[in-house]
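Observations on the three-dimensional arrangement
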Amino acid sequence: MKEKNKMANFYETVLTVLKSDERFVAEDGTFLRNAVYEAAMKMDEGLIRLLLANDETRTRFFTDVDGIKVFDKMGFAWVINNRQFLPDSYTRFKNKIGLTDENGDLISTSGKVELVFPYKDCVLEGGQTREDQKRQEIFYNSSLAPDEVDRLLYPKVLTCACRYTLEGCESISKIQKSDNLIIKGNNLLALASLLKVYEGQIKCIYIDPPFNTGNDSFNYNDRFTRATWLTFMKDRLLLAKRLLSSDGNIFIHIDINQSHYLKVLADEIFDEENFVEEIIWAYGSPSGGRAATPKPVNIHDYILHYAKNYSSRKQNRVYVPYTEKYINDWFKYTDEDGRRYRRRQRGKDENGNAIWSKQYLDESKGVPLSTVWSDIQQVYADPRAYKEGNKADVEVIKEFSGGQKPEALIQRIFEMSTDEGDIILDFHLGTGTSAATAHKMKRQYIGVEQLDSQIDIIVRRLKKVIDGETAGISKVTNWQGGGSFVYCELAKLNQTIVEEIEGAIDDSTLSDIYGRMLKSGFISYKVNPADIDAAADDYAALSLDDKKRFLMEILDKNLLYVNYCDIDDEEFGISEEDKAFTRSFYGEE
């Protein structure tokens, strides 16, 4: 008991020392454990100075080597993640009901499930909805929990399949390999399912992922920690690479908040030699850059472009198209005959004066595209912000609530990297701009989206494309309508319970959910229901949010969606029509 009290006093000392740094304390006084952990992993100078300044922490966390203090960051991390450190009511409850490993440490810090970014070896179970930011993200360590990772990424059952055409929508039990496809569900799990059918066949991937700015307006989870966000991206990009064809390309749309971190991550995944270019999309500003800000107004995004095998075929592929828009902008002069031309400097005379000549538009083969794209403006909600050339996108924005990437931008990317009939993938589909653009350009497309609100927009938008709508690039592509697409969903299991927990507003609703969870048996094998029953009073004392957190944690995350290998299990209730469609999708009908 004396030793236990001694350790408790030491933990109190550590907490006091750390709380003296305002970076580690929220406005409401909450201690930010993860912020401390990340600072330790980065060998943060301020943190190290704090620990050196206190006799107890200096003795415990530093070793003297030839007069130099060496920081034991892993020993420090163990202390701040130990279940006895900062044991709030929720942590105490988790300890009591058995959410600990065989060594008595919290499962969340045991190495089998990580709550902070371990940089290289974890798979993040998590989605991109705004509701996902309310629950703890689950990290599966691919070295220590391979069985869990395998089951998490098994191909999933597909349900609610239907085909949209000019005649309307009809349920289907079979899919064609050439069908356009929209999938609703967690995009990590959708990508893992697509691998079984499309590995090595995707010609172009374009994604516009959450920028992780904390102010996303489309109900996405846009408040990841940087570590979580990088893990989120890494998991998906690793699968995306496998889906790319040998001559495929990926374009990742990002802004300044995470672009440099993403570039380093993408260099590792795709190989630095396969980096093609960084495109600067100078989209302009709705205020014309006149807004009062303490720093220059940011008016550009980045698009990182990688090829699957760029290093081996640099001389064999022309990535830059010649664009009529650029030619028209460049040849801005008109002579007396009405011919467009540009002035070209041929040199200087003996007095140093420039010698000019005319290059005529009707004699020119074109002007190559640069990596700075300033001729395509962002789509803003205020139609007064549009240039004349972008007014066709106003109709899209007004109808479909928010997609800010104009179809012309996506068209240029597809022109650079694909031909008619090639397969395009966007697994952050949003409002469906890339799918609508691909449809009009006669490319085959696959789109993945998780949010109900966005799925509604996507379906309505593509139906209008099929009907021959005139917005976006319809005029320049002479789009007349036609074609079709197939819509389907990943078959939910525990994901349905996740959504119910997120939407619960009172204890009675949660109690009903908990009862059904126990009855179904779809809870984590790490938890003994008898231990939970024995701690009923402690559970009752938790806040509504903590009760939600608890129910989320005891769910079996490997059963969020139904695995294809379990398609015939009667317990999951998969219909014969859904079974037929799923088998058709995986080519096993």
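Notes on the structure in this doc start here. (Residues numbered from 1 in each chain as written. Predicted model: local features only at pLDDT ≥ 70, side-chain atom pairs only at ≥ 80, totals over all residues. Heavy atoms only, no water.)

Aromatic ring pairs are described here by two measures, namely the spacing of the ring centres and the angle between the planes. Throughout the structure, instances matching the rule amount to 14 aromatic pairs. On the basis of an interplanar angle of 55° and a centroid distance of 5.8 Å, the ring pair of F71 and F76 is categorised as tilted. Judged on exposure class, the residue F71 and its partner F76 are both buried. Joined through ring pairs, the aromatic side chains of F10, Y11, F61, F62, F71 and F76 make up one cluster. The ring of W373 has R412 sitting right over it, with the charged end atom 5.1 Å from the ring centre. One Lys or Arg, K547, reaches over the ring of Y539 and ends 5.4 Å from the middle of that ring. (Phe/Tyr/Trp six-rings, centres within 6.5 Å; stacked < 30°, edge-to-face > 60°. Buried < 20%, exposed > 50% of the residue type's maximum accessible area, 1.4 Å probe, protein only. Lys NZ or Arg CZ within 6 Å of the ring centre and 35° of its normal.)

Position of R344 among the secondary structure elements: in strand β14 (residues 340-348). Here R344 falls in the partly exposed class, since its relative accessible area comes to 32%. Put simply, R344 and W356 are 12 residues apart on the chain and 5.5 Å apart in space, counted from C-alpha to C-alpha. The residues contacting R344, other than those within four sequence positions of it, are I355, W356, S357 and Q359. (Helix = DSSP H or I, 4+ residues; strand = E, 2+ residues; numbered from the N terminus. Contact = heavy atoms within 4.5 Å.)

Next up on the list: the sheet that holds strand β10 (residues 244-254). In spatial order, the strands read β7-β6-β19-β8-β18-β17-β9-β10-β12-β11-β16; together these 11 strands make up an open sheet with mixed pairing. Of all the strands in the sheet, the pair left with one neighbour each is β7 (168-171) and β16 (372-373). Two elements, strand β9 (residues 202-207) and strand β17 (residues 423-426), share 2 bridges in a ladder whose sense is parallel. Bridge pairing in β17 links I205 to L425. (Pairing = 2+ DSSP bridges.)

What follows deals with the environment of V14. Along the chain, the position of V14 falls in helix α1 (residues 2-19). Under the relative-accessibility criterion, V14 is labelled buried at 0%. Through-space distance from the C-alpha of V14 to that of F76 is 9.8 Å; in sequence the pair is 62 residues apart. Not counting the four nearest positions on each side in its chain, V14 is found in contact with T57, F61 and F85.

The angle between the axes and the distance between the axes are what describe a pair of packed helices. For the pair helix α9 (residues 226-243) and helix α10 (residues 259-270), interaxial distance at closest approach is 10 Å and the crossing angle is 30°. Relative to α10, the element α9 is oriented roughly parallel. Our pair here, α9 against α10, has a crossing hand that is right-handed. On α10, the residues that touch R226, W229, L230, M233, K234, L237, L238 and K241 of α9 are Y261, L262, L265, I269 and F270. Here the residues of the contact of α9 with α10 are counted per class, giving 10 nonpolar, no polar and 3 charged. (Axes fitted to C-alpha atoms, helices over the stretch in contact; angles between N-to-C directions. Parallel < 35°, antiparallel > 145°, perpendicular 65-115°, else oblique. Left-handed = near helix turned anticlockwise from the far one by under 90°. Nonpolar A, V, L, I, M, F, W, Y, C, P; charged D, E, K, R; others polar.)

A few words now on the pairing of strand β18 (residues 444-449). Counting buried positions along β18 yields 6 of 6 residues, so the element is predominantly enclosed. Burial along β18 is two-sided: Q444, I446 and V448 facing one way and Y445, G447 and E449 facing the other are all buried. Pairing of strand β8 (residues 181-184) with β18, which is carried by 4 bridges, proceeds in the parallel orientation. By the bridge assignment for β18, I182 is matched with G447. The sheet contact formed by β17 and β18 spans 4 bridges and is parallel. Across the sheet, the residue bridging to I424 is Y445, located in β18. Taken together, β17, helix α14 (residues 433-440) and β18 form a β-α-β motif whose crossover is right-handed. (Right-handed = clockwise from strand over helix to strand, strands pointing away.)

On to the packing of helix α13 (residues 407-417) against α14, then. Relative to each other, α13 and α14 sit at 60°, their axes nearing to 9 Å. When the axis of α13 is compared with that of α14, the two are oblique. As for how α13 packs across α14, the hand of that crossing is right-handed. Here E407, I410, Q411 and F414 of α13 come into contact with α14, specifically with T433, S434, A436, T437, A438 and K440.

Our focus in this paragraph is the environment of E38. With respect to the helices and strands, E38 occurs in helix α2 (residues 33-41). Along the chain, E38 and A227 lie 189 residues apart, while their C-alpha atoms are 8.1 Å from each other.

Mapping T159 onto the fold places it in strand β6 (residues 158-165). Since its relative accessible area comes to 13%, T159 is described here as buried. Among all residues touching T159, those that are not within four sequence positions of it are C488, E489, L490, A491 and D578.

Right, let's get into unusual backbone geometry. Even without a glycine there, the phi angle at M43 is positive, about 55°. In this fold, M43 is placed in the loop between α2 and α3 (45-53). A positive phi angle is found at D271, which is not glycine, with a value near 85°. Tracing the sequence through the fold places D271 in the loop between α10 and β11 (275-282). According to the relative accessible area criterion, D271 is partly exposed, its value standing at 40%.

Attention shifts here to α13. With 9 of 11 residues buried, α13 lies mostly within the body of the structure. Those residues of α13 lying buried are E407, L409, I410, Q411, R412, I413, F414, M416 and S417.

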